[in-house]
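What the coordinates show
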Amino acid sequence: MIKVRVHDRWPPGHIRTPAYIRGKVGCVERNLGPFNNPEQNAYRLDPDQHDLVRVRFTMDELWGTDAEHPTDTIEVEVYSHWLEKV
Amino acid sequence: MPHDHLSPSGHPYRADDDTPLTYWQTMEIAVRELLIEKGHLSAVEIQHQIDAMDARSPANGAKVVAKSWVDPEFKAALLKDAGSACRSLGFDIGPMHLIAVENTDDIHNVIVCTLCSCYPRNLLGLPPDWYKSREYRSRTVKEPRKVLGEFGLEVAPNIEVRVHDSTADMRYIVLPNRPPDTESLPEEELAKLVTRDSMIGVGLPKHLSELNA
Amino acid sequence: MTDFFGKRWHDMGGDPAGTIDHDQHDFALWEKRVDALMVLSSSKGLMNTDSLRRVLEDMGPEAYEKMTYYERWIASVTQNMIEAGAFSPEELATKMEEITSRGDTYGAAT
C-alpha cells in the first residue's frame, strides 16, 4: 500500500480534512477519482477537481499512548492536495 | 387564531402546528413562499421531495443487505459500486455516492461523520438524532469500543474495529455478517433481521430467535 | 493571548464528550420542509452541500448547542439564498412580517 502523510496545515475556511489526521501518516485504501474541491465549492467559486483518496490510519498513529486499541483503524476521505507521498 | 384546527386541505394539523410560531418556522414559510413566487421551486416539487424522503427507510437498506447474503454476484457488485447496485434493485438514491463496507470474522465496521452529519440518507432515510450528536461525532474516532459498548455491542479484542469517517463525498453502509442458522431463511425473512443500527455498525442483525419478537 | 491553533469548533473528532443520548424525536412538517428546501435548492444550483456546511460552521458552536438541527439548517439555507440572489433580505423581511400577521401558530401561518 502507498504511504501518505496529511499536511499539517491550519488555514481558515471550509476544510474537509479533520484536525485529528493532520500531520499523520496512513496508507491509501483506494483512489475514488476526481471530485470538486469543497474549499472553493463552499463559496460558489468554480471548483478545481482533486482526486479523493481513502486513507487508512491506525489508532496508534492517530492517538499514540491514548489509543483505546492501537491496532484498530480509521478510514478517512482526503482530497489529494492535502496529501504527500512518504 | 383558528379554532377548528383544520388545514386548508381539511386535514387536522399535527400537534407541532399548535405550538406558538417561532422565528425559524416563520423563516421557513417565507423562504418556501418566496422561492415558489420567484419560480425557483413549485409547491408540488416540495411535496414530492417530502414524500420521497418519507418513503426512504432502513427497510430499503435491509433489502440490499439480505440480497447480498443470498446472491454472491450481487454482493460482489455491491462491494464494487454500492450506488449502482442499489439502483439496480430499483432504489432511487439520487446522486449519492455509496460505499458498502463488509464485516468479516476479523473486522467490524462502524460509520461516523465527525465534521457534520453525513449519512446514507437517500437509502436509509434521515439519520437518528444520536448520529448527529456531539457525543457520537467526537468519541467514535477515538474510543469506538466504548461507544459501541453504550449501544450494547462488545467487540472481541481480536476483531479489528474499523471506523469510517464520512468527511467528503462518499456515504457508507455496513454489510453486517449473516446471523447463524439462517441458511434456510428466504430473502424477505432475512431482511427482517437487518436493523438500522447494524447498517451503521453500532449493532448487529437480530438473531433468528428474535425474528417475530 | 489565545491558544487557538486553527482547529475549528465543528471539527470535533477525538474531543472528550459525554455518554450518548438515545432519545429520538419525530420530524415535524416544518422540519421536513426545511430538508426539502435544502435538497431542491441544491438540485437547482442555488446552493450545494459545501455551502450549506460552510454557513453552519460559520454560525459557531453556540448555534450548535442552542438551536435545533433544522433551525440551523433553515438559517443556512436562507443565508445561501440571499448569497445566490434568490431574494433580498428586504423581501424576506417583508414576507416574514406578513406571515406573522396570519396567526400565532405554524398551522395558522403556513
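Just above, that's the structure.
Quick caveat, the model's predicted, so the values are computed rather than measured.

1. Details of the nonpolar core
- The biggest cluster of nonpolar side chains holds 74 residues, and the ones touching the most others in it are I74 of chain A together with L78, L123 and Y136 of chain B.
- One finds L21 and L41 of chain B together with Y70 and M81 of chain C within the second-largest nonpolar core, a separate group that totals 35 residues.

2. What about the pairing of strand β2 (residues 25-36) of chain A?
Residues and elements named next belong to chain A.
- Bridge count for strand β1 (residues 3-6) against β2 is 3 bridges, and the pairing is antiparallel. From the neighbouring strand, V4 faces β2, where its bridge partner is G26.
- Pairing of β2 with strand β3 (residues 49-58), which is carried by 7 bridges, proceeds in the antiparallel orientation. The residue of β3 that forms the bridge with R30 is R54.

3. Here's the deal with the sheet that holds strand β3 (residues 160-165) of chain B
- An order of β5(A)-β1(A)-β2(A)-β3(A)-β4(A)-β3(B)-β2(B) is seen for the 7 strands of this open sheet, with the pairing classed as mixed. Strands at the two margins of the open sheet, each flanked by one partner only, are β5 (83-85) of chain A together with β2 (107-112) of chain B. Strand-to-strand twist in this sheet, taken as the mean axis angle between neighbours without regard to direction, amounts to 35°.
- The pairing of strand β4 (residues 73-79) of chain A with β3 of chain B spans 4 bridges and is parallel.

4. A short note on the interface of chain A and chain C
- Counting from both sides, the interface comprises 15 residues of chain A and, opposite them, 18 residues of chain C.
- Both sides together, the interface formed by chain A and chain C hides about 1,300 Å², and carbon and sulfur atoms give 44% of it.
- By the criterion of area lost to chain C, the three top residues of chain A are W10, H14 and R44 of chain A, representing 41% of everything that side buries.
- At the boundary of chain A with chain C, the tally comes to 3 salt bridges.
- Note that E83 of chain C is salt-bridged to R44 of chain A, the shortest N-O span being 2.9 Å.
- On the surface where chain A and chain C come into contact, there are 10 residue pairs in polar contact (both at pLDDT 80 or more).
- Among the residues making up the side of chain A that touches chain C, the classes are represented as 8 nonpolar, 4 polar and 3 charged.

5. Some remarks on the interface of chain C and chain B
- Each side of the interface is counted separately: chain C has 61 residues, and chain B has 59 residues.
- Both faces combined, the contact of chain C with chain B buries some 5,700 Å², and carbon together with sulfur accounts for 63% of it.
- Taken together, the links from chain C to chain B amount to 8 salt bridges.
- A salt bridge links D35 of chain C to R121 of chain B; its shortest N-O distance comes to 2.4 Å.
- Counting the contacts that link chain C with chain B gives 23 residue pairs in polar contact (both at pLDDT 80 or more).
- When residues of the side of chain C that touches chain B are traced back to their parent elements, those giving at least two are α1 (29-43), α3 (60-66), α4 (69-84), α5 (89-100) and α6 (106-109) of chain C.

6. Observations regarding the side chain of T26 of chain B
- By the element assignment, T26 of chain B lies in helix α1 (residues 23-37).
- By relative accessible area, T26 of chain B is classed as buried at 3%.
- Polar side-chain contacts of T26 of chain B include one of 2.7 Å to the backbone oxygen of T22 of chain B.
- The residues touching T26 of chain B, leaving out its near neighbours within four places in the chain, are L21 of chain B together with M96, I99 and T100 of chain C.

7. Topic: the packing of aromatic side chains
All names here are of chain C.
- This structure, assessed with the given rule, holds 14 aromatic pairs over all chains.
- Centroid distance F27 to Y70: 5.9 Å. Interplanar angle 80°. Geometry classified as edge-to-face. Taken together, the positions of F27 in the segment before α1 and Y70 in helix α4 put the pair 43 residues apart, joining distant regions of the chain.
- Its relative accessible area of 16% is what places F27 among the buried residues.
- The exposure class assigned to Y70 is buried, which follows from its relative accessible area of 2%.
- Relative to W73, the ring of Y70 has its centre 5.4 Å away and its plane inclined at 75°; by these criteria the two rings are edge-to-face. Pair noted here: Y70 and W73 are both in helix α4, with a separation of 3 residues, about one helical turn.
- With a relative accessible area of 7%, W73 lands in the buried category.

8. A look at helix α3 (residues 58-70) of chain B
- Taking 1.5 Å of rise per residue, the 13 residues of α3 of chain B would be expected to cover 18 Å, and the 19 Å separating its terminal C-alpha atoms lies within 8% of that figure.
- Among the residues making up α3 of chain B, those that are buried are N60, G61, A62, V64, V65, A66, S68 and W69 of chain B.

9. Section: unusual backbone geometry
- One non-glycine residue, R44 of chain A, lies in the positive phi region at around 60°.
- For R44 of chain A, the position within the fold is in the loop between α1 (38-41) and β3.

10. Description of the pairing of β2 of chain B
Residue and element names in this part refer to chain B.
- The element β2 is largely enclosed, with a buried count of 6 among its 6 residues.
- Where β2 lies against β3, 6 bridges are found, and the strand directions are parallel. The partner of I107 across the bridge, within β3, is E160.

11. Brief notes about the packing of α1 of chain B against α5 of chain C
- Two elements in contact, α1 of chain B and α5 of chain C, have axes separated by 9 Å at closest approach and are oriented at 115°. Here α1 of chain B and α5 of chain C pass one another in a crossing that is right-handed. Facing α1 of chain B, whose interface residues are Y23, T26, M27, I29, A30, V31, E33, L34 and E37 of chain B, α5 of chain C presents E91, L92, K95, M96, I99 and T100 of chain C.
- For the contact of α1 of chain B with α5 of chain C, a count of residues per class yields 9 nonpolar, 2 polar and 4 charged.

12. Brief notes about the environment of N36 of chain A
Residues and elements named next belong to chain A.
- Relative to the helices and strands, N36 is located in strand β2.
- Each C-alpha atom of the pair N36 and P47 lies 5.5 Å from the other, and the pair is 11 residues apart in sequence.
- Ignoring any residue separated from it by four or fewer positions in sequence, one finds N36 in contact with N41, P47, D48, Q49 and Y79.
- Of note is the side chain of N36, whose polar atom sits 2.5 Å from the side chain of Q49.

Scoring rules and cut-offs
Residues numbered from 1 in each chain as written. Chains lettered and ligands numbered in written order. Predicted model: local features only at pLDDT ≥ 70, side-chain atom pairs only at ≥ 80, totals over all residues. Heavy atoms only, no water. Core = buried A, V, L, I, M, F, W, Y, C linked by side-chain atoms within 4.5 Å. Buried < 20%, exposed > 50% of the residue type's maximum accessible area, 1.4 Å probe, protein only. Pairing = 2+ DSSP bridges. Helix = DSSP H or I, 4+ residues; strand = E, 2+ residues; numbered from the N terminus. Axes fitted to C-alpha atoms, helices over the stretch in contact; angles between N-to-C directions. Contact = heavy atoms within 4.5 Å. Buried area = accessible area lost by both parts, 1.4 Å probe. Salt bridge = Lys/Arg side-chain N within 4 Å of Asp/Glu carboxyl O. Polar contact = N/O pair within 3.5 Å; in protein donor to acceptor, adjacent residues only side chain to side chain. Nonpolar A, V, L, I, M, F, W, Y, C, P; charged D, E, K, R; others polar. Phe/Tyr/Trp six-rings, centres within 6.5 Å; stacked < 30°, edge-to-face > 60°. Expected span 1.5 Å × (residues − 1). Left-handed = near helix turned anticlockwise from the far one by under 90°.

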